[in-house]
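Observations on the model geometry
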Amino acid sequence: MKSITIAIDGYSSCGKSTLAKALAKELGFTYIDSGAMYRAVSLYIKRSKIPIDELSSKEVKEILADVQIEFKWNRETMLSETFLNGENVENEIRGKEVSDSVSKIAQNKNIRTILVERQREMSKGRGVVMDGRDIGTKVFPKAEVKIFMTAEPAIRAERRYSELKAKGDTITLEEVIENIRLRDYNDSTRKENPLRKAEDAIEIDNSFIGQEEQLGMVLKIVHEKI
Ligand code: CDP
């Protein structure tokens, strides 16, 4: 299998990571969750109470030099988990506090520059599936396959709510709806690399498409490309 780059972008909670993981598994590629990187940086900034927007690009660079983000495979859960400076923060970065602050942090130009560099570095010389908001437009404008995913807002909120409930989170459906609404707004209206469909991306609305069917559709696109 030729190593290519597959970029998956789209609004919050429309199943990007589910598709990206399944594709990576099927193709033997590496899956990189760019959103987890923004979430981990948000957690670090929140914990250390850094007034990030008041800092110069040099200062942000120095701070982020101390933020190591890794993905490790958990053999028991069969899931990839996010580590921040050696600590497993997978659960914490998915919780309400980080979800409420991440899209503000992700507007910071200096943070974006550094994380985009890291995302490119992590992908060098391998087949990669990366999901996020700016993967097809900014991180890999030459990605061989670009997918732009959408789904109806009410369906996205239900999916995220069920996912969080299953993990024991006490969040309410109304809080999930509000979080998704706010992040969609922030992500698509920000100045730096806003969320938008790349001209050459293929749009898939998966409101009424099952996971298997969706995977089949995208695998077909991938095989046509390579
Ligand atoms: O999984 P979900 O769609 O809810 O979000 P995520 O992929 O975990 O991303 C969390 C947040 O990080 C997004 O709402 C964006 O604000 C930011 N993000 C970004 O700005 N650029 C990316 N490439 C990925 C995420």
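The notes below deal with the structure included here. (Residues numbered from 1 in each chain as written. Predicted model: local features only at pLDDT ≥ 70, side-chain atom pairs only at ≥ 80, totals over all residues. Heavy atoms only, no water.)

**Quick word on the overall build of the protein**
Along its length, the protein carries ten helices and eight strands. Against the globule reference of 17 Å for 226 residues, the protein gives a C-alpha radius of gyration of 17 Å, in line with a compact fold. Burial status across the protein gives 48% buried among its 226 residues. In the protein, the proportion of contacts linking residues at least 24 apart, taken out of those at least 6 apart, comes to 73%. Of the roughly 11,900 Å² of accessible surface on the protein, a fraction of 50% belongs to carbon and sulfur atoms. Charged side chains of the protein number 38 positive and 38 negative; the gap between the two group centres comes to 4 Å. (Helix = DSSP H or I, 4+ residues; strand = E, 2+ residues; numbered from the N terminus. Rg over C-alpha atoms; globule rule 2.2 N^0.38 Å. Buried < 20%, exposed > 50% of the residue type's maximum accessible area, 1.4 Å probe, protein only. Contact = heavy atoms within 4.5 Å. Areas by Shrake-Rupley, 256 points an atom, 1.4 Å probe, with all protein chains shown as cover. Lys, Arg positive; Asp, Glu negative; His and termini not counted. Charge placed at Lys NZ, Arg CZ, Asp CG, Glu CD.)

**A word on the site of the ligand**
The full set close to the ligand counts 20 residues, and Arg39, Arg112, Asp134, Arg183 and Asp187 are the nearest of them. At 3.1 Å from an oxygen atom of the ligand is found a side-chain nitrogen or oxygen belonging to Ser12. For the ligand, an oxygen atom lies 2.8 Å from a polar atom in the side chain of Arg160. Expressed as a share of its isolated accessible area of 520 Å², the protein-covered part of the ligand is 96%. For the shell around the ligand, the elements supplying multiple residues, two or more each, are helix H2 (34-48), helix H5 (96-105) and helix H9 (173-189). In terms of residue count, H2 provides more of the shell around the ligand than any other element does, four residues in total. Broken down by class, the residue content of the shell around the ligand amounts to four nonpolar, six polar and ten charged. (Near = heavy atom within 4 Å. Polar contact = N/O pair within 3.5 Å; in protein donor to acceptor, adjacent residues only side chain to side chain. Nonpolar A, V, L, I, M, F, W, Y, C, P; charged D, E, K, R; others polar.)

**Here's the deal with the sheet that holds strand E7 (residues 145-150)**
Spatially, five strands are ordered E2-E6-E1-E7-E8 in an open sheet, and the strand pairing comes out parallel. Each of the sheet's edge strands pairs with one partner strand only, and the pair in question is strand E2 (30-33) and strand E8 (202-205). Direction aside, the axes of adjacent strands within the sheet are offset by 20° on average. Bridge count for strand E1 (residues 5-10) against strand E6 (residues 128-132) is five bridges, and the pairing is parallel. (Pairing = 2+ DSSP bridges. Axes fitted to C-alpha atoms, helices over the stretch in contact; angles between N-to-C directions.)

**Notes on the nonpolar core**
Among soluble globular proteins, nonpolar side chains are generally buried collectively. Counting 33 residues, the largest nonpolar core has Val41, Ile45, Ile52, Leu64, Ile111, Leu115 and Met130 as its most contacted members. Among the secondary structure elements, those contributing two or more residues to this core are H2, helix H3 (57-65), H5, helix H6 (109-123), E6 and helix H7 (135-139). With seven residues, the single largest contributor to this core is H2. Once you skip the residues sitting within four places of it in the chain, Ile111 turns out to touch Val41, Ile45, Ile52, Val60, Leu64 and Ile105. Counting 22 residues, the second-largest nonpolar core is a separate cluster that includes Val145, Ala151, Ile204 and Val218. (Core = buried A, V, L, I, M, F, W, Y, C linked by side-chain atoms within 4.5 Å.)

**Brief notes about the side chain of Asn193**
With respect to the helices and strands, the residue Asn193 is situated in the loop between H9 and E8. Each residue touching Asn193, except ones within four places of it in the same chain, is listed here: Arg112, Val116, Asp134 and Lys138.

**Some points on the sheet that holds strand E5 (residues 87-88)**
Read across the open sheet, the three strands follow the order E3-E4-E5; overall the sheet is antiparallel. Each edge of the open sheet carries a strand with a single partner, namely strand E3 (69-74) and E5. Sheet analysis places E3 next to strand E4 (residues 79-84), joined by six bridges and oriented antiparallel. Across the sheet, residue Trp73 finds its bridge partner in E4, namely Ser80. Packed onto the sheet, H2 meets E3, E4 and E5 and runs at close to 35° relative to E4.

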